[in-house]
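Fold and geometry: a report
One-letter residues, chain by chain:
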Amino acid sequence: EAQVTQNPRYLITVTGKKLTVTCSQNMNHEYMSWYRQDPGLGLRQIYYSMNVEVTDKGDVPEGYKVSRKEKRNFPLILESPSPNQTSLYFCATRTWGEAGELFFGEGSRLTVL
Amino acid sequence: SQKIEQNSEALNIQEGKTATLTCNYTNYSPAYLQWYRQDPGRGPVFLLLIRENEKEKRKERLKVTFDTTLKQSLFHITASQPADSATYLCALDKTGANNLFFGTGTRLTVIP
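Residues numbered from 1 in each chain as written. Chains lettered and ligands numbered in written order. Predicted model: local features only at pLDDT ≥ 70, side-chain atom pairs only at ≥ 80, totals over all residues. Heavy atoms only, no water.

1. Observations regarding the pattern of salt bridges
All names here are of chain A. Formally: Think of a salt bridge as a Lys or Arg side-chain nitrogen and an Asp or Glu carboxyl oxygen that are within 4 Å of each other. When a residue's accessible area, from a 1.4 Å probe over protein chains only, is under 20% of the maximum for its type it is buried; when over 50% it is exposed; and in between it is partly exposed.
What the rule picks out here adds up to nine salt bridges over all chains. Notably, a salt bridge pairs R36 with D38, separated by 2.8 Å at the nearest N-O pair. By the burial criterion, R36 is buried, and D38 matches it.

Printed below as a string of structure tokens:
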């Protein structure tokens, strides 16, 4: 079964405590992306990756890092989380180079106190 | 700057009627446009894609139109059902980047 798996699904943390949200896909897709979703602002892209070792900033990259060492994994790193990073985060994948659909994970709800 | 607007934040409609959702964009020349459905607490799910050279696309009770002159897409659900209640998102690629950019969504409620 085609899957995009995110962990953790829910997390409450405190300001400044580094955390990583993992994303793994089993579809062999080149393209992976992270979005955050906030009320009234919709889905906003944080970072994306067109392939292994290739990453680029989206619209709201400040305060986030990513890495793409393997095709299937694309972790999102918050080095020093702040309350304004409280949000619902989605990882998504697709085949690069085609106008194909995005496959989304189930989301990770993060609260930073 | 580039902008995508979906007509309203919320739309209520009676069961059996046709729901029409609007997606307008400015300062874009997208090669294609996509529509997604999102249920509360879940990830968006792809519904339909329409390319710039297509006027209309259909899938079961869903119909999408794409007018590049008006810079607008319309998303129709005919014979709407309570199970169609969800948030619907339009998304466009950033020209040449193959990178999707989403609207804020319209929350549709179909009233029995």
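2. A few points about the sheet that holds strand β6 (residues 56-59) of chain B
Residue and element names in this part refer to chain B. So the rule is basically this: Any two strands with at least two DSSP-identified bridges between them are counted as paired. Under the DSSP-based scheme used, a helix requires at least four consecutive residues in state H or I and a strand at least two consecutive residues in state E, with every element numbered from the N terminus. Axis definition: a line fitted to C-alpha atoms, limited for helices to the stretch in contact. Angles are taken between N-to-C directions and run from 0 to 180 degrees.
Ordered by their spatial adjacency, five strands build an open sheet running β1-β3-β8-β7-β6, and the pairing between neighbours is antiparallel. If you trace the sheet from one side to the other, it starts and ends with β1 (3-6) and β6, each paired once. Direction aside, neighbouring strands of the sheet carry axes that sit 15° apart on average. One ladder, built from six bridges, connects strand β3 (residues 19-26) with strand β8 (residues 72-77); its direction is antiparallel. The residue of β8 that forms the bridge with T20 is H76.

3. Overview of the sheet that holds strand β1 (residues 4-7) of chain A
All names here are of chain A. The strand order across the open sheet formed by four strands is β1-β3-β8-β7, and the pairing between neighbours is antiparallel. The open sheet has two edge strands, β1 and β7 (65-66), and neither has a second partner. In this structure, β1 lies alongside strand β3 (residues 19-25), joined through four bridges in antiparallel fashion. By the bridge assignment for β3, N7 is matched with T22.

4. Let's talk about the interface of chain A and chain B
Under the convention used in this document: Here, two residues are considered to be in contact whenever any of their heavy atoms come within 4.5 Å of each other. By buried area we mean how much accessible surface two parts lose on assembly, using a 1.4 Å probe and totalling the loss over both. Within 3.5 Å is the distance limit for a polar contact, defined as a pair of N or O atoms, with the added protein rule that one can donate a hydrogen and the other accept it, and that residues adjacent in sequence qualify only through two side-chain atoms. Gly falls in the polar group here, along with every residue not listed as nonpolar (Ala, Val, Leu, Ile, Met, Phe, Trp, Tyr, Cys, Pro) or charged (Asp, Glu, Lys, Arg).
The interface of chain A with chain B comprises 23 residues on the first partner and 21 residues on the second. The junction of chain A with chain B conceals about 1,700 Å² of combined surface from both sides, 47% of it contributed by carbon and sulfur atoms. Taken together, the links from chain A to chain B amount to one salt bridge. The shortest N-O distance in the salt bridge between A:E106 and B:R42 comes to 2.6 Å. Where chain A touches chain B, the interface holds five residue pairs in polar contact (both at pLDDT 80 or more). Residue composition of the side of chain A that touches chain B, by class: ten nonpolar, seven polar and six charged.

5. Regarding the environment of A:T5
Residues and elements named next belong to chain A. Here T5 is to be found in strand β1. Taking relative accessible area as the criterion, T5 reaches 36% and is therefore assigned partly exposed. Residues T5 and S108, spaced 103 residues apart in sequence, show a C-alpha to C-alpha distance of 10.0 Å. Residues in contact with T5, not counting those within four places in the same chain, are T22, C23 and S24.

6. Notes on the state of the cysteines
Threshold: Note on terminology: disulfide denotes any pair of cysteine sulfur atoms within 2.5 Å.
Tallied over the full model, the rule gives two disulfides over all chains. Between the sulfur atoms of A:C23 and its disulfide mate A:C91 the distance is 1.9 Å. Judged by the sign of its S-S torsion, about -75°, the bond between A:C23 and A:C91 is left-handed. Taken together, the residues span a long stretch of sequence, with A:C23 in strand β3 and A:C91 in strand β9 (residues 87-94) at a distance of 68 residues. Accessibility classification places A:C23 together with A:C91 in one group, the buried group. A sulfur-sulfur separation of 2.0 Å characterises the disulfide bridge that pairs B:C23 with B:C90. Since a negative S-S torsion denotes a left-handed disulfide, the B:C23-B:C90 link at about 65° is right-handed. In this pair, B:C23 is assigned in strand β3 and B:C90 in strand β9 (residues 86-93), connecting sequence segments 67 residues apart. Here B:C23 and B:C90 have matching classes, each one buried.

7. Quick notes on the nonpolar core
Applicable threshold: In this description, a nonpolar core means a group of buried Ala, Val, Leu, Ile, Met, Phe, Trp, Tyr and Cys residues linked to one another through side-chain atoms lying within 4.5 Å.
If you look at the biggest cluster of nonpolar residues, it comprises 24 residues, and the most contacted ones within it are B:I4, B:L33, B:W35, B:F75 and B:Y88. Contributing elements (two or more residues each) for this core: β3, β4 (32-38), β5 (45-51), β7 (62-67), β8, β9 and β11 (106-111) of chain B. Among the nonpolar cores identified, the runner-up in size contains 19 residues, and A:V4, A:Y64, A:Y89 and A:V112 belong to it.

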